[in-house]
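Each chain is listed here by its residues.
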Amino acid sequence: TPVANGNAGSPFQTTALPTATTFGRAVAIDGWLFVVGGKSDVYTGSGTTATFAAPIGAGGQLGAWQHATAMPVGRTNHAMAVAGDFLYVTGGALSGPGDTYVLATRIRF
């Protein structure tokens, strides 16, 4: 049923990520939730190349997380968008100041 008056349902816990992640980004595509980049600690560490994917069940529960194809360079504090068949990661950095890399991958086949 549609959201009524801008209210969401009660939050519930589902399958935990394989590793602690902060500053990563998530996007849902075709029944899968993808988590890209981030780092393991708020104050220390560098961006990770990790990408995880979990199937989304009919009730919103997540299935088991899988390791998806890693990014070629680590990313934290980045932006992410889906356009057509592709996922784009922009901004952020491995550590320190940002960089100019734009990463793209085909997400739908």
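As the structure is a computational prediction, the values presented were derived from the model and not from experiment. (Residues numbered from 1 in each chain as written. Predicted model: local features only at pLDDT ≥ 70, side-chain atom pairs only at ≥ 80, totals over all residues. Heavy atoms only, no water.)

A. Region of the structure containing the nonpolar core. Ranked by size, the top nonpolar core spans ten residues in total: Val 27, Ile 29, Phe 34, Val 36, Ala 53, Met 71, Leu 87, Val 89, Leu 103 and Ile 107. Of all the secondary-structure elements, those providing two or more residues to this core are strand 1 (25–29), strand 2 (32–36) and strand 6 (86–90). With residues up to four places along the chain from it excluded, the contact list for Ile 107 reads Ile 29, Phe 34, Asp 85, Phe 86 and Leu 87. One finds Val 35, Ala 54, Leu 62 and Trp 65 within the second-largest nonpolar core, a separate group that totals six residues. (Core = buried A, V, L, I, M, F, W, Y, C linked by side-chain atoms within 4.5 Å. Buried < 20%, exposed > 50% of the residue type's maximum accessible area, 1.4 Å probe, protein only. Helix = DSSP H or I, 4+ residues; strand = E, 2+ residues; numbered from the N terminus. Contact = heavy atoms within 4.5 Å.)

B. Examining the pairing of strand 5 (residues 79–83) more closely. Of the strand pairs in this sheet, strand 5 and strand 6 are connected by five bridges, and their pairing is antiparallel. Following the sheet pairing, Ala 83 is matched in strand 6 by Phe 86. The turn linking strand 5 back onto strand 6 is made up of two residues, and Gly 84 within it adopts a positive phi angle of 60 degrees. (Pairing = 2+ DSSP bridges.)

C. Expanded view of the confidence of the model for the protein chain. Taken residue by residue, the protein chain gives an average pLDDT of 91. The fraction at 70 or more is 97%. Within the protein chain, strand 3 (residues 51–55) carries the highest mean pLDDT (97), whereas strand 7 (residues 102–106) carries the lowest (92). (pLDDT = per-residue confidence, 0-100.)

D. Main features of the sheet that holds strand 3. The antiparallel open sheet is built from four strands, whose spatial order is 1-2-3-4. Since the sheet does not close on itself, it has two edges, and those belong to strand 1 and strand 4 (66–67), each with one partner. Here five bridges tie strand 2 to strand 3, and the two strands are oriented antiparallel to one another. Counted as the bridge partner of Val 35 is Phe 52 from strand 3.

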